[in-house]
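# Coordinate analysis (summary)
Single-letter residue listing:
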There are 2 protein chains.
Amino acid sequence: MEEGNRQVWLKSRPNGIPQAEDFAIRVTPVPTPAEGEFVVRNSYLSVDPAMRGWIADTSTYWPRIEVGDTMRAFAAGEVIASRHPDYAVGEQVMGIFGWQDYASVRPQQVMRKVLERDLSLSLSLGVLGLNGLTAYFGLLDVCQPQPGETVVVSTAAGAVGSAVGQIARIKGCKVVGIAGGEDKVRQCIEEFGYDAAIDYKRETDLETALRKACPDGIDAYFDNTSGAALDAVLRQINVHARIGICGTASFASWEPWNVGPRPERNLLVKRATMRGFLTTDFAERYEEAIGNLVSWIRAGKLKYREDVREGIETAPGLIRTLYDGGNAGKLLIRLREEQALAEEGKS
Amino acid sequence: MEEGNRQVWLKSRPNGIPQAEDFAIRVTPVPTPAEGEFVVRNSYLSVDPAMRGWIADTSTYWPRIEVGDTMRAFAAGEVIASRHPDYAVGEQVMGIFGWQDYASVRPQQVMRKVLERDLSLSLSLGVLGLNGLTAYFGLLDVCQPQPGETVVVSTAAGAVGSAVGQIARIKGCKVVGIAGGEDKVRQCIEEFGYDAAIDYKRETDLETALRKACPDGIDAYFDNTSGAALDAVLRQINVHARIGICGTASFASWEPWNVGPRPERNLLVKRATMRGFLTTDFAERYEEAIGNLVSWIRAGKLKYREDVREGIETAPGLIRTLYDGGNAGKLLIRLREEQALAEEGKS
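The rules behind each value
Residues numbered from 1 in each chain as written. Chains lettered and ligands numbered in written order. Predicted model: local features only at pLDDT ≥ 70, side-chain atom pairs only at ≥ 80, totals over all residues. Heavy atoms only, no water. Helix = DSSP H or I, 4+ residues; strand = E, 2+ residues; numbered from the N terminus. Rg over C-alpha atoms; globule rule 2.2 N^0.38 Å. Buried < 20%, exposed > 50% of the residue type's maximum accessible area, 1.4 Å probe, protein only. Contact = heavy atoms within 4.5 Å. Lys, Arg positive; Asp, Glu negative; His and termini not counted. Charge placed at Lys NZ, Arg CZ, Asp CG, Glu CD. Least-squares fit on C-alpha atoms with pLDDT ≥ 70 in both. Expected span 1.5 Å × (residues − 1). Arc of directions from axis to C-beta. Core = buried A, V, L, I, M, F, W, Y, C linked by side-chain atoms within 4.5 Å. Domains from an automatic or database assignment.

## Considerations on the overall build of chain A
Across its full length, chain A carries ten helices and 16 strands. In terms of overall size, chain A behaves like a compact globule, its C-alpha atoms giving a radius of gyration of 21 Å where 347 residues would be expected to give roughly 20 Å. Expressed as lengths along the three principal axes of its C-alpha atoms, the size of chain A is roughly 60 × 50 × 35 Å. Here chain A, with 347 residues, has 56% of them falling under the buried criterion. If you take every contact in chain A between residues at least 6 apart in sequence, the share linking residues at least 24 apart comes to 65%. Within chain A, one finds 40 positive and 46 negative side-chain charges whose respective centroids are separated by 4 Å.

## A look at the relation of the copies chain B and chain A
Superposition of chain B onto chain A requires a rotation of 180° combined with a translation of 0.0 Å along the rotation axis, giving an RMSD of 0.1 Å. What the rotation and shift describe, once combined, is the action of a two-fold rotation axis. The share of interface residues of chain B whose copies in chain A are also at the interface is 100%, consistent with both copies meeting through the same surface.

## Focus: helix α8 (residues 286-298) of chain A
Residue and element names in this part refer to chain A. If you check α8, its first and last C-alpha atoms are 18 Å apart, about what 13 residues at 1.5 Å a residue would give, namely 18 Å. Burial in α8 covers these residues: Tyr-286, Ala-289, Ile-290, Leu-293, Val-294, Trp-296 and Ile-297. Projected onto a plane normal to the axis of α8, the buried residues spread over an arc of 165° and lie on a single side. Buried residues along α8 sit against β7 (110-113), α2 (130-143) and α3 (159-170). Just beyond α8, the residue with positive phi is Gly-300, at close to 75°.

## A short note on the nonpolar core
One recurring pattern in soluble globular proteins: nonpolar side chains tend to sit buried together. With 81 residues, the main nonpolar core has Val-47, Trp-99, Leu-128 and Phe-222 of chain A as its most contacted residues. When residues are assigned to domains, this core turns out to be shared by domain 1 (5-126 + 305-346) and domain 2 (130-280) of chain A, each giving three or more. Setting aside residues no more than four positions away along its own chain, Leu-128 of chain A makes contact with Arg-112, Glu-116, Leu-119, Leu-123, Ile-290, Leu-293, Val-294 and Ile-297 of chain A. Counting 79 residues, the second largest nonpolar core, distinct from the first, contains Val-93, Val-127, Ala-156 and Leu-332 of chain B.

Below, the structure is given as structure tokens:
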């Protein structure tokens, strides 16, 4: 066990994508819980695209992270000390616990208690965490796929996209993925069961490729990218199509604002809907979603990929890895072996 | 009574906005109904922006009108002969009866029977026709205004826009109109009861003007124009805002496709919805809507303006009038006095 609490903190505010040298690691005392708090020992730390926005000056949903702050991050771990009646020592939790070994937290920081002990705790940061919940609500509530419809998803092999595609298949849809590179296209087809996948890096004419893959038009589109993929989709949507806006990853910046073909006319002529959403808007239904996601994973219908790096010292460079596409699945940092799981296995 | 059936027909396919010289008038025999049909004698003919699209090569919703065809148009009149059990002589109907004195029609061409005999039949082509229904469903179903919210509407003094604004007021919203010219802005405030109205022709900075008129942000926007108004609205929408796309009148053409600031990012950050709609998608609820619209008119809560031109010979030049903004209210052509209404008054 560590002698103290290692924390990755923001040393300088990056201009663009955060790099390893924008962070440093310090060691502070292991916290003890104040009244109403409890201490979590993190087993896994998450690396998410949103972290870039949390650091940027133009942070959108959360207060921005200041130089000197421990980096905000989702993490999963075990309660090791508690002065809160609802959180007992030994319980597993996932939430905003930061890039550090230990955190003394309040209940508001917890996203969920992790009860599915037969599955790795790491899943609570991916397919059973924000990624899976985002796919679940964005697809089922926003895109509302009906059996037999054609569903398209961008970043189709990613942590969110691959769950979207597989859930759409579970719901009886024809699923077409848009992904970058031969490997990802192969993953979409062979691993995640897409009906077709398009390599946007290779296709010179995305619109034609999409038309070939979607001969009956597009009924629903889960958009992680904005940009050329969205533009191509809009030209072939069916009447009453639904477009869920989950992310705009194809643009590195929105200053100055990006321009493109106006979608209003497509939306009007096709009586279609384009809707942005945040997963946290569905917070009161997380357990419903987790219940379904867990059952699909146990049944082998919902597959996932994890890219687990070892040790907190890898953290500073990993936001950049994410934006470079250098990860093969949900990017995580493992801090320690899963004791709880190991003990469970023994009993 | 006329000796025959005067019909306005398409003489040449216009390049852009249809002009008077693109039409001619011919006289054909007054039709007699075939089995399953009935003959309507039109009292009012409608002039609608959609007519331009019906004529254009790139007609969107309907088959295009060919040179030689009688001009497709909404009209309202009385059944004068019938070989259909559901339509009796003397009933008033509104539907697609064409720019002509008489039409032998099938039930599919009827939009509704006009039962509110205490109101002018002409209203069935405006505030109690497609305009009112468009305002009703586009506002209440697509924009979903809640009491106390701020609702913005473009072409705010128009036949659709003025109904949108007044219904939003009836529903307890703060209503801000965008209109072109001093007269229309005055109408919005004095006649239709808007809380504020912005003259987009005069304001050099629409965004700032809108921000001043909507200090609490914008919760719902009924968009008749696309373009600068939509762009300015998008930058000040509130969380969970709803944008209904009803028309794109600020663009004369969509070839080549119009470009502009991308709305995806606004929709995402504000978890907002942009939805295109067609009134005909709500056809099974027309009578619910008409019932409410009629009661608001009778109660003096829903005002309307009509610009009634006399005689079928005015028809050819009126599509252009509409696009020039040369009309002061719903543009109509009166073919004859309202006999039914006059008779009612006698009894």
